[in-house]
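A closer look at the structure
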Amino acid sequence: MAESETSKPQHTMLGAEELRQKALELQLVEMQRDDKVKEREAKKHAEFVDDFFRKHVGDKERDIIRRVVMKAAADGKSEAMVYSFPSSFCTDSGRAINSARPDWPATLQGKAKELYDLFVEVARPHGYKLKAMVISFPGGMPGDIGFFLNWEAPVG
């Protein structure tokens, strides 16, 4: 063999089968990563649902609501969204709230019901109002519900 032949750079090209194998391996890694993300999201959702239906409104949540209201008032507003939750947590999936039926509070469950009851007991006697509204419509269906606390002066 001549010296010039051994000093030529070797150009190697992956075969089509090897390239397909690498692509499949990358897809597998990505699928595993997606599965882990979905697992974490499912766990977070399960914890949220458990917290919503089994635990009570704590001091931390009350403090957050208090700060949201104070910030809105400092900004010159007379209303603030103080809580939100999935419409599926209502017994009617949010239909009464979406239709503004007067009996909408009867559809509340878990922390949403507890917050409403707290509003009736603590805030309403001090002149506050509470409005519940559907705040998102994924696929045209009620998504999340928002509770809006209002302290606007009565008209008249």
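For the structure given in this document, a descriptive report is provided here.

Comments concerning unusual backbone geometry
At S93, a position not held by glycine, the phi torsion is positive, near 60 degrees. Here S93 shows up in the loop between β1 (79–86) and α4 (95–98). On the accessibility criterion, S93 (33% relative accessible area) is partly exposed. Phi at A100 is positive, roughly 55 degrees, even though this residue is not glycine. Mapping A100 onto the fold places it in the loop between α4 and α5 (110–123).

Observations concerning the packing of aromatic side chains
Tallied over the full model, the rule gives six aromatic pairs. Their ring planes at 55 degrees and their centres at 6.2 Å tell us that W104 and F147 sit as a pair that is tilted. Placement of W104 in the loop between α4 and α5 and of F147 in strand β3 (residues 144–150) is noted, with a sequence separation of 43 residues between them. Aromatic pair Y116 and F119: ring centres 6.1 Å apart, planes at 45 degrees, arrangement tilted. Of this pair, Y116 and F119 are both found in helix α5, three residues apart, which corresponds to roughly one turn of the helix. A residue is classified by how much of its surface remains accessible, and Y116, at 14% relative accessible area, is buried. Aromatic rings pair up to connect Y83, F85, W104, Y116, F119 and F147 into one cluster.

Rules used throughout
Residues numbered from 1 in each chain as written. Predicted model: local features only at pLDDT ≥ 70, side-chain atom pairs only at ≥ 80, totals over all residues. Heavy atoms only, no water. Helix = DSSP H or I, 4+ residues; strand = E, 2+ residues; numbered from the N terminus. Buried < 20%, exposed > 50% of the residue type's maximum accessible area, 1.4 Å probe, protein only. Phe/Tyr/Trp six-rings, centres within 6.5 Å; stacked < 30°, edge-to-face > 60°.

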